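Coordinate inspection notes
Letter by letter, the chains look like this.
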Amino acid sequence: TMVLDDSDDEQLNAKATQLLDTLDDTGQLCEPGKRGDVHRQSVWHRAVHIWLLDTASASVLLLQRSRKKQHFGGQWNCSTDHVKVGDPSEAAAIKSLMGDTGLTRFSPAEFDFMLQARGEYDTGGGC
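Below you will find a few notes about this structure.

How each quantity is defined
- Residues numbered from 1 in each chain as written.
- Predicted model: local features only at pLDDT ≥ 70, side-chain atom pairs only at ≥ 80, totals over all residues.
- Heavy atoms only, no water.
- Helix = DSSP H or I, 4+ residues; strand = E, 2+ residues; numbered from the N terminus.
- Buried < 20%, exposed > 50% of the residue type's maximum accessible area, 1.4 Å probe, protein only.
- Polar contact = N/O pair within 3.5 Å; in protein donor to acceptor, adjacent residues only side chain to side chain.
- Contact = heavy atoms within 4.5 Å.

Attention now goes to unusual backbone geometry. Although it is not a glycine, Ser42 sits at a positive phi angle of roughly 55 degrees. Here Ser42 lies in the loop between helix H2 (35-40) and strand S3 (47-50). Given a relative accessible area of 49%, Ser42 falls into the partly exposed group. Positioned with a positive phi, Ala58 is a non-glycine residue whose angle comes to about 55 degrees. By the element assignment, Ala58 lies in the loop between strand S4 (52-54) and strand S5 (59-61).

Quick look at the structure:
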């Protein structure tokens, strides 16, 4: 089953109101914020990046983002998503991978937490 293309424009209103955990400069949880506000104000928030590796063949699954996406449209990337308020990162990672790829035949035990990092990127959109 192919995953349907969605653009940020189509989803913007619903996505803008999603609540995200925000973080202070030391990485500690702060008050939740609406996704749209968090991005406009460049507030630190949690996200997951899922790299699907096949060690037997030394392969990495990359996904090409829809050209309609507001940020990094048409570029190749791993599966990514925001972590919704109160959700654990692992649940967000599983949901993201299923939604981006349509894959459903894996278990949480197959995931390895690799690292936590703080990153700043100029997305051209204020986030």
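Next comes the rest of the account.
Moving on to the side chain of Thr22. In this structure, Thr22 sits in the loop between strand S1 (19-20) and strand S2 (33-34). A residue is classified by how much of its surface remains accessible, and Thr22, at 7% relative accessible area, is buried. At a separation of 2.4 Å, a polar atom in the side chain of Thr22 contacts the main-chain carbonyl oxygen of Glu31. With residues near it in sequence (within four places) discarded, Thr22 still touches Gln28, Leu29, Cys30, Glu31, Pro32, Gly33, Val38, Val43, Trp44 and His45.

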